[in-house]
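Chain residues, written in single-letter form:
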Amino acid sequence: MKKKIYFGTNLKMYKNIRETTEYLKTLSGLTQDISRDSIELFVIPSYTSLNAACQFTDSRFITLGAQNMCWEEKGTFTGEISPLMLQEIGIELVMIGHSERRHVLGETDEEENKKVKCALNHGMTALLCVGETTKEKDYNISDEVIRTQLKIGLSHIPVSQISRLWIAYEPVWAIGENGTPASAAYAEEKHQTIKNCLTELFGETGSQIPVLYGGSVNPDNSVSLISQPSVDGLFTGRSAWNAHSFNSLIRKALT
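Please read these numbers as outputs of a predicted model, since none were measured by experiment. (Residues numbered from 1 in each chain as written. Predicted model: local features only at pLDDT ≥ 70, side-chain atom pairs only at ≥ 80, totals over all residues. Heavy atoms only, no water.)

**A closer look at empty space enclosed by the protein**
Applying the stated criterion to the full structure yields one cavity of 30 Å³ or more. Roughly 40 Å³ of volume is contained in the largest cavity. The wall of the largest cavity is formed by Gly97, His98, Ser99, Arg102, Cys129, Val130, Gly131, Gln149, Glu170 and Val172. If you list the elements that add at least two residues to the lining of the largest cavity, you get helix H4 (99-103) and strand S5 (125-130). Considering only residue class, the lining of the largest cavity consists of three nonpolar, five polar and two charged. (1 Å grid on protein atoms, 1.4 Å probe; cavity = no way out; pocket = protein on both sides within 12 Å on 5 of 7 lines; lining within 4 Å. Points joined across faces, edges and corners; volume = space filled by probe spheres on them. Helix = DSSP H or I, 4+ residues; strand = E, 2+ residues; numbered from the N terminus. Nonpolar A, V, L, I, M, F, W, Y, C, P; charged D, E, K, R; others polar.)

Given below as structure tokens:
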């Protein structure tokens, strides 16, 4: 049986409420004929769009996620979002440790670990992002950086909870409008590093954790990336922000 392929996108600080709900409605309609036994499709909108998105999106076809989350249920955390607040509107997926949170806003591996544990303890799916910077790649320490992010970020996570854990490998140098896509061979190499580390942490069960590639995924490289044996899905940026383009990319990758 073919493995399920994961397709997702993070809308970052783009699309208002109307644009988000229209995008989700269109994407859901375009992809509705694709069996969800074959794919897991998820979208991570802005906070202000989440409530409306949940009301207008059928969770059987698209899973909605949050871009970040506090590690506490409540308290003096001005500007943060609680897991209880996300669950109240129906969110079951949260992204943790995106490179912009780490490198622009200064989040640490220890903070990501607290968020992962909080998400899993609340029955949510945690999508932990890892990846090296250009400087780390140039120093040839990519594997060490990735393994450190995983080992600290997943510290003290019980094996019983990892069925709700996803990993996204997003090399920092490959993200964004000026990013340079990783070659399929490089992506496969790093995905193998991740899977080996997950097996070290969780035993053979760790090999079942889906690992997605993100970083300038586009229609031209989607097939070569998803064809790699260790790449379980594609976490797509601006190439997915038009529903018709994302639908085309998904179908091309499935061929």
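**Thoughts on the pattern of salt bridges**
Counting across every chain of the model gives 14 salt bridges. When the shortest N-O distance is used, the salt bridge between arginine 60 and aspartate 58 registers 2.7 Å. The partner of lysine 190 in a salt bridge is aspartate 143, with the nearest N and O atoms 2.8 Å apart. A residue pair is termed long-range when its members are at least 10 positions apart, and lysine 190 in helix H8 (residues 184-202) and aspartate 143 in helix H7 (residues 142-153) qualify at 47 residues. Residues joined in a network through salt bridges with shared partners are Lys3, Lys195 and Asp232. (Salt bridge = Lys/Arg side-chain N within 4 Å of Asp/Glu carboxyl O.)

**Here we look at the layout of surface pockets**
Within this model, the largest pocket holds a volume of roughly 320 Å³. Residue lining of the largest pocket: 13 residues in total, with Lys12, Met13, Gln67, Glu100 and Arg101 positioned closest to the centre. Put simply, the parts of the chain that give the lining of the largest pocket at least two residues each are helix H2 (47-56) and H4. Considered class by class, the residues forming the lining of the largest pocket number four nonpolar, six polar and three charged. In terms of lining, the second largest pocket is formed by 21 residues, of which the most central are Gly176, Ser216, Thr236, Gly237 and Arg238. Every element with two or more residues in the lining of the second largest pocket is listed here: strand S1 (5-10) and strand S8 (233-236).

**Here we look at the packing of aromatic side chains**
A full pass over the atoms with the stated rule returns seven aromatic pairs. With 5.5 Å between their ring centres and 40° between their planes, phenylalanine 42 and phenylalanine 235 make a pair best called tilted. Placement of phenylalanine 42 in strand S2 (residues 39-44) and of phenylalanine 235 in strand S8 is noted, with a sequence separation of 193 residues between them. Residue phenylalanine 42 shares its accessibility class with phenylalanine 235, and that shared class is buried. (Phe/Tyr/Trp six-rings, centres within 6.5 Å; stacked < 30°, edge-to-face > 60°. Buried < 20%, exposed > 50% of the residue type's maximum accessible area, 1.4 Å probe, protein only.)

**A word on unusual backbone geometry**
Of note in this structure, lysine 15 is not a glycine but carries a positive phi near 70°. Among the secondary structure elements, lysine 15 is positioned in the loop between S1 and helix H1 (17-31). Taking relative accessible area as the criterion, lysine 15 reaches 24% and is therefore assigned partly exposed. Backbone geometry at histidine 156 places phi at a positive 60°, although glycine is not the residue there. Within the secondary structure layout, histidine 156 lies in the loop between H7 and strand S6 (165-169).

**Describing the environment of leucine 154**
Note that leucine 154 resides in the loop between H7 and S6. With relative accessibility at 3%, the residue leucine 154 sits in the buried group. With near-sequence residues (within four places) excluded, leucine 154 lies in contact with Asn113, Val116, Leu128, Leu165, Ile167, Leu198, Leu201 and Phe202. (Contact = heavy atoms within 4.5 Å.)

**Side note on the sheet that holds strand S3 (residues 63-66)**
The strand order S1-S2-S3-S4-S5-S6-S7-S8 describes a closed barrel built from eight strands, whose pairing is parallel. On average, adjacent strands in this sheet sit at an angle of 25° to one another, irrespective of strand direction. Packed onto the sheet, H1 meets S1, S2 and S3 and runs at close to 170° relative to S2. (Pairing = 2+ DSSP bridges. Axes fitted to C-alpha atoms, helices over the stretch in contact; angles between N-to-C directions.)

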